[in-house]
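# Chains, contacts and geometry: an overview
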Amino acid sequence: MVSASWQRFEEKIAATHTRVKGLETNSHRRNSFMPYTPVAGTPYVDVNGERLLMMSGYSYLGLYGDERVNRAAHQAIETYGTGAHGVRALAGTTPLHEELESEIARFVNREASLVFSSGYAANVGTVGAICGPGDAVFLDKYDHASIVDGCQLSGAAITRFRHNDPDHLDRRLQDSDSAGVKLVIVDSVYSMDGDIAPLPQLRKVCDAHGALLMVDEAHALGVIGGTGRGIEEHFNNQVAVDIKLGTLSKGIPSMGGWVAGTPEMIYHLRYAARPFLFSAALAPAQTGAALEAIRILEQEPERVAHIQRESARLRAILTEAGMNTGDSETAVIPVIAGSDEQAYDYATSCREAGIVGLPVVTPAVPTGLARLRIAITARHQPEHIDQAADAFLVAAAKCELI
Ligand SMILES: Cc1ncc(COP(=O)(O)O)c(C=O)c1O
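Residues numbered from 1 in each chain as written. Predicted model: local features only at pLDDT ≥ 70, side-chain atom pairs only at ≥ 80, totals over all residues. Heavy atoms only, no water.

For the rest of this paragraph, the subject is the packing of aromatic side chains. Per the counting criterion, the structure on display carries three aromatic pairs. Ring centres 5.3 Å apart and planes at 80 degrees place the aromatic pair W6 and F9 in the edge-to-face group. Taken together, the residues span about one helical turn, with W6 and F9 both in helix α1 (residues 4-23) at a distance of three residues. What makes F9 partly exposed here is its relative accessible area of 41%. Judged by centre distance (5.7 Å) and plane angle (65 degrees), the rings of F116 and F276 are edge-to-face. (Phe/Tyr/Trp six-rings, centres within 6.5 Å; stacked < 30°, edge-to-face > 60°. Helix = DSSP H or I, 4+ residues; strand = E, 2+ residues; numbered from the N terminus. Buried < 20%, exposed > 50% of the residue type's maximum accessible area, 1.4 Å probe, protein only.)

Shown next, in the form of structure tokens:
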């Protein structure tokens, strides 16, 4: 006999099927969960027998598949094997983890860092180690889900403020009667919009209310600042944040997350961040690959300049042609189509024109602002940007977006 709990669970399964089926137009099917195989050394991918120009990847520095990074991963496997001997606090730490943590700390101008097994875990673990019941967190409305989840798990009181609006944050902090930690968390670069947090103004507001400021550099490391060091460098190192954190799965073509700060703070996190304490260490291949990629980033800052130059060029072409790219000022360029259906149809037309531009729809973005999330990488040479621009405009005309 089926238990009552199983029946309740089946209702949830059925609800998901109904919700997703509602989205599953032909266009949706052609754009979701597709198996992409990268074409080595190029920004192209093979998918179901077609070769397309990938314009929606996350490997901003173009180091995905880089021979040096692959070699470092192989070497790490040769030395340490494929898995981890458990959690970092017990047998899971290797010299490679310590080397990676030193390198990250040095690169982001902090004394110490800690590496997690994902960026998601880094956010959940860090927030939970800073805040708990009695504390208060203040989140930009567009903060990443891992920040929101971390705050919910922490038990702290959650307040949202309007996107990139320091005055609204000011009022929210004013209204707070928390006597505990006040923690403001923002993304440095917003993943679906490509705009940058107004750091100097946020710092001012935080200081006025005695609040800590934490930034998530997931889409900023390797992308903004003259040498890719993120949001502080973008604002000429005039303003410092209290806690900074990021991933190793985007510009750095590996997996994992990191948080950087004072040695005392990192010591605390080692014992208080539960996703760090209770989950296996980052695998050796990922650790070695991340370490090599950060070293390449430091030696080849021209990759950062390339991303910034080609992003600005594509954005200018699209906006001059009448496309809506929102407030983007980074390698992430949203091409806003309107309804979810319009975004799916636009993605399909782009694919027919030879490029992958992946749709992002509600609830990930507000209703009516569904878009293709375009991202420029250092693998995109000027001719690729020209090819993409042509395809975006041909498809936009076909979909009556311009
Ligand atoms: C802003 C931001 N933070 C954190 C994460 C999570 O990182 P990861 O995929 O490495 O777990 C993401 C991933 O998309 C992100 O966009």
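On to the domain arrangement of the protein, then. Domain boundaries in the protein define domain 1 (25-54 + 301-398) and domain 2 (67-299). Domain 1 and domain 2 are separated by 27 Å when their C-alpha centres are compared. Every contact between the two is made by 18 residues of domain 1 and, on the other side, 22 residues of domain 2. Summed over both partners, the interface of domain 1 with domain 2 comes to about 1500 Å²; 56% of that surface belongs to carbon and sulfur atoms. On the domain 1 side of the interface with domain 2, the three residues burying the most area are P301, V304 and T330, jointly 32% of the side's total. Applying the counting criterion to the domain 1 and domain 2 interface returns one salt bridge. In this structure, R371 and D193 form a salt bridge, with 3.0 Å as the shortest nitrogen-oxygen distance. Remark: the boundary between domain 1 and domain 2 carries eight residue pairs in polar contact (both at pLDDT 80 or more). No other element matches helix α14 (residues 302-320), which puts five residues into the side of domain 1 that touches domain 2. Class assignment for the residues of the side of domain 1 that touches domain 2 results in nine nonpolar, three polar and six charged. (Domains from an automatic or database assignment. Contact = heavy atoms within 4.5 Å. Buried area = accessible area lost by both parts, 1.4 Å probe. Salt bridge = Lys/Arg side-chain N within 4 Å of Asp/Glu carboxyl O. Polar contact = N/O pair within 3.5 Å; in protein donor to acceptor, adjacent residues only side chain to side chain. Nonpolar A, V, L, I, M, F, W, Y, C, P; charged D, E, K, R; others polar.)

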